[in-house]
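# Descriptive analysis of the structure
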Protein chains: 2
Amino acid sequence: MAATLADVAARAGVSTATVSRVLRGNYPVAEATRSRVRRAVAELDYVVNGPASALAAASSDLVGVLVHDIADPYFGILAGAVQESLGEPGVDGGRLAVVCGTRSSHERELACLTLLLRQRAAAVVITGSARDDPEAVRAVTTRLRRLTEAGTRVVLCGRPPLPEDIGAGTLTFDNRGGARKLTEHLLHLGHRRIGYLAGPRGRSTSRHRLEGHQEALAARGDADGPVVHVSFDRAAGYDGARALLQKDPRLTAVVCANDSVALGACAALRDLGLQVPRDVSVTGFVDLPFSGDAMPPLTTARLPLQQAGARAGRIATGAEEPPPGGRANVSAELIVRSSTAPPPS
Amino acid sequence: MAATLADVAARAGVSTATVSRVLRGNYPVAEATRSRVRRAVAELDYVVNGPASALAAASSDLVGVLVHDIADPYFGILAGAVQESLGEPGVDGGRLAVVCGTRSSHERELACLTLLLRQRAAAVVITGSARDDPEAVRAVTTRLRRLTEAGTRVVLCGRPPLPEDIGAGTLTFDNRGGARKLTEHLLHLGHRRIGYLAGPRGRSTSRHRLEGHQEALAARGDADGPVVHVSFDRAAGYDGARALLQKDPRLTAVVCANDSVALGACAALRDLGLQVPRDVSVTGFVDLPFSGDAMPPLTTARLPLQQAGARAGRIATGAEEPPPGGRANVSAELIVRSSTAPPPS
DNA sequence: AGCGCACTAGTAAGCGCTTTCTATCACCCC
DNA sequence: GGGGTGATAGAAAGCGCTTACTAGTGCGCT
């Protein structure tokens, strides 16, 4: 069997309490003793028993990261940044990221939170859009409150603030503003028939982006164009674009919920014999790493995912103060590339 | 404080042993008692203390996934598939994926393994290329052996088998074969001056792909073209393509270590005023989701990451038998798109 | 010289669960 | 009718660590 604290203590000729103190470094130990203990640890290749330690100390070094889907680059970048900010996985320090894919399912999200509660996670970073219905929001809030009560730090990243203050730090993304900029850009180019390929219904992110789009139209006094709701992936964008053009074949621009959807839309338009941007302009959202290499390079609203994730991670570990008032808004920057151009005359 | 097993036991009027048995379901309990316990659990909103449970049972429900970088789609897909295959995060079941980004650093890889050992992880899936030098391989093997000795199941995914049998399941990717097919495709098109943009030196994956490429050349009796080593990302591909063309400005094709590198190479060629594939053909490797939407759509060798990751996860959880002999090879499929064409005449 | 304080290190009581061993109770068959 | 036989449930001994609390030094100060 693996060596235990007692083995190390015996070998170093000290008590287990002393070994524990050397390892945790939160209590003075004489230099001579300390080095004797360190030697014993090395000789036995001793590795702390995490569960035992977590039980006795009533806290673990696990940090939960809730994402919709790890394989989606949006969440991959977020999760990677959080994980990166957790610090070196050194012998003494080292928090571990527990990444949970919720597949956008409310039930799975709750189940994951319960699992994290059960692990007595040190912190939880929860990302992705929230469901709009109050019932769901309340359920998640309840779970998160349980977590904060248990001493787990909670950070929301790219998600609307909770309806109730439970001491969670919140980093929201300016989805509304980004969408407004994108639509203004199209209006500026002269587009008047703009379709909108929205994210799934009932999700905060979908709603905010759509609202931003409509605000821009309203500001100019234009009526809303056709809207089709799809999920946030490429395949949905492909189908959605066709549906949109069926509603109005004379569209000159399609605003998409995100870059993946935009890529699908571009493919669909191509297959319909339309050129982007000559015949139809297309915009994305987020600016994923490959969006600039896409065919054509996508005009989009950039969200600084890397920075946001890193900040969320630092807040989660206590390395950074939560933003004043518990909330901060991360703004989106308009990136103009070649998927948008003036409408055909 | 949160309710404990004892609280539930008191409320249900039974012993803690009984409650534990109801929860774990591995011991007969009378139906009446069982439902009484379940009610008490629900009423108190009881959640098991994971660390305590792991300590007593000497095993946790954490599964470690080692990747180079979560934000890289290659690893994101792999990690997502592993996580997905871990099963529903239900109340009773539910393994959690602990994703560790090693940033390709040998030291971090070892540190992560130690951390996982400390958590008494149920299993570990380790992905990504391995360092070629024996010293590093030995260090990793030692750590993995420690894990298997502690009862942790170990699965290698997309990584060469260990030099020693420690009971780890291994899923290798046919990097050599994929690279061979790609080069044969180019030779077939008529290319005779082919440059190779290899992955980082000293990595198994880089080496295997390069060897496959050279095998294809050798089979035809052709001499090797220029080779430049870069890291596995887009920026490196950009710089690498320029370096390659400096070595031989008359190249008609560039074979790249993976899709990201290929994307960078395409961008570099464009910036040099060359058209892909009219002037220079480019190939990738892996077939990431966006590779078909790239400019131009990439000819590449597809690796079924999703399936491989899922299988690795199932082996890790014991849901699937390890392959016969402990190893299986996952083959790569040639995908021809428009980044390759006959050389300019 | 005597007292108290600053350092260290040991003692031991848990942390909340799992599980072996044991006890109890029906029940049934010879 | 008595003892074997299952089926249930309880008692209690840890799992390996952390951390109050306690104890033993040696030193400075009055």
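Structure first, text after, so check above.
The structure displayed is predicted, hence computed values, not measured ones. (Residues numbered from 1 in each chain as written. Chains lettered and ligands numbered in written order. Predicted model: local features only at pLDDT ≥ 70, side-chain atom pairs only at ≥ 80, totals over all residues. Heavy atoms only, no water.)

## Concerning the relation of the copies chain B and chain A
Screw-axis analysis of chain B against chain A gives a translation of 0.0 Å along the axis, an RMSD of 0.0 Å, and a rotation angle of 180°. The superposition of one copy onto the other is thereby described by a two-fold rotation axis. Most of the interface of chain B is mirrored in chain A: 100% of its interface residues are interface residues there too. (Least-squares fit on C-alpha atoms with pLDDT ≥ 70 in both. Contact = heavy atoms within 4.5 Å.)

## Comments concerning the interface of chain B and chain A
Interfaces are often described in size by the accessible area the parts lose on coming together. Chain B puts 55 residues into the contact, and the matching count from chain A is 56 residues. Summed over both partners, the interface of chain B with chain A buries about 5,100 Å², with 56% contributed by carbon and sulfur atoms. Together, Leu96(B), Arg118(B) and Asp293(B) form the three largest contributors to the area buried by chain B at its contact with chain A, with a combined 14%. Linking chain B to chain A there are 14 salt bridges. Across the pair Asp61(A) and Arg118(B) runs a salt bridge whose closest N-O atoms are separated by 3.1 Å. (Buried area = accessible area lost by both parts, 1.4 Å probe. Salt bridge = Lys/Arg side-chain N within 4 Å of Asp/Glu carboxyl O.)

## Things to note about the packing of helix α8 (residues 175-189) of chain A against helix α9 (residues 204-220) of chain A
Helix-helix packing: each pair is described by the crossing angle between the helix axes and the interaxial distance. Residue and element names in this part refer to chain A. In contact at an axis separation of 7 Å, α8 and α9 are set at 40° when each is read in the N-to-C sense. Classified by the interaxial angle, the pair formed by α8 and α9 is oblique. The chirality of how α8 crosses α9 is right-handed. On α9, the residues touching Asn175, Arg176, Ala179, Arg180, Thr183, Glu184 and Leu187 of α8 are Thr205, His208, Arg209, Glu211, Gly212, His213, Glu215, Ala216, Leu217 and Arg220. Of the residues in the contact of α8 with α9, the class split is four nonpolar, six polar and seven charged. (Axes fitted to C-alpha atoms, helices over the stretch in contact; angles between N-to-C directions. Helix = DSSP H or I, 4+ residues; strand = E, 2+ residues; numbered from the N terminus. Parallel < 35°, antiparallel > 145°, perpendicular 65-115°, else oblique. Left-handed = near helix turned anticlockwise from the far one by under 90°. Nonpolar A, V, L, I, M, F, W, Y, C, P; charged D, E, K, R; others polar.)

## Notes on the packing of aromatic side chains
Summed over the entire model, instances satisfying the criterion amount to three aromatic pairs over all chains. Between Phe290(A) and Phe290(B), the ring centres sit 4.0 Å apart and the planes meet at 10°, which makes this aromatic pair stacked. Taken together, the residues span two chains, with Phe290(A) in the loop between β9 (281-283) and β10 (300-302) and Phe290(B) in the loop between β9 (281-283) and β10 (300-302). Here Phe290(A) matches Phe290(B) in class, with each residue buried. For the ring pair Tyr74(B) and Phe75(B), a centre distance of 4.8 Å and an interplane angle of 85° mean the geometry is edge-to-face. Comparing Tyr74(B) with Phe75(B) shows no difference in burial state: the two are buried. (Phe/Tyr/Trp six-rings, centres within 6.5 Å; stacked < 30°, edge-to-face > 60°. Buried < 20%, exposed > 50% of the residue type's maximum accessible area, 1.4 Å probe, protein only.)

## Thoughts on the protein's contact with DNA strand D
Taken together, 26 residues lie around DNA strand D, and Leu5(A), Ser20(A), Tyr46(A), Thr18(B) and Thr33(B) are the ones closest in. Here Leu5(A) contributes a backbone N or O atom positioned 2.3 Å from a phosphate oxygen of DNA strand D. A distance of 3.4 Å is found between a phosphate oxygen of DNA strand D and a side-chain nitrogen or oxygen belonging to Ser53(A). Listed by contribution, the elements that provide at least two residues to the surface near DNA strand D are α2 (16-24) and α4 (50-57) of chain A together with α2 (16-24) and α4 (50-57) of chain B. Here the surface near DNA strand D is composed, by residue class, of 14 nonpolar, nine polar and three charged. (Near = heavy atom within 4 Å. Polar contact = N/O pair within 3.5 Å; in protein donor to acceptor, adjacent residues only side chain to side chain.)

## Structural notes on the state of the cysteines
Residue and element names in this part refer to chain B. Counted under the stated rule, the structure contains zero disulfides over all chains. Here Cys100 stays unpaired: no disulfide links it, and the sulfur of Cys112, its closest cysteine neighbor, is 4.2 Å away. Owing to a relative accessible area of 3%, Cys100 belongs among the buried residues under this scheme. (Disulfide = S-S within 2.5 Å.)

## Regarding the packing of helix α10 (residues 234-247) of chain B against helix α11 (residues 259-271) of chain B
Residues and elements named next belong to chain B. α11 packs onto α10 with a crossing angle of 50° between their chain directions and a minimal axis gap of 6 Å. Here α11 runs oblique to α10, going by the angle between their axes. As α10 packs across α11, the resulting crossing turns out to be right-handed. On α11, the residues that touch Arg234, Gly237, Tyr238, Ala241, Arg242 and Leu245 of α10 are Ser260, Val261, Leu263, Gly264, Ala265, Ala267, Ala268, Leu269 and Asp271. Its residues placed into classes, the contact of α10 with α11 shows nine nonpolar, three polar and three charged.

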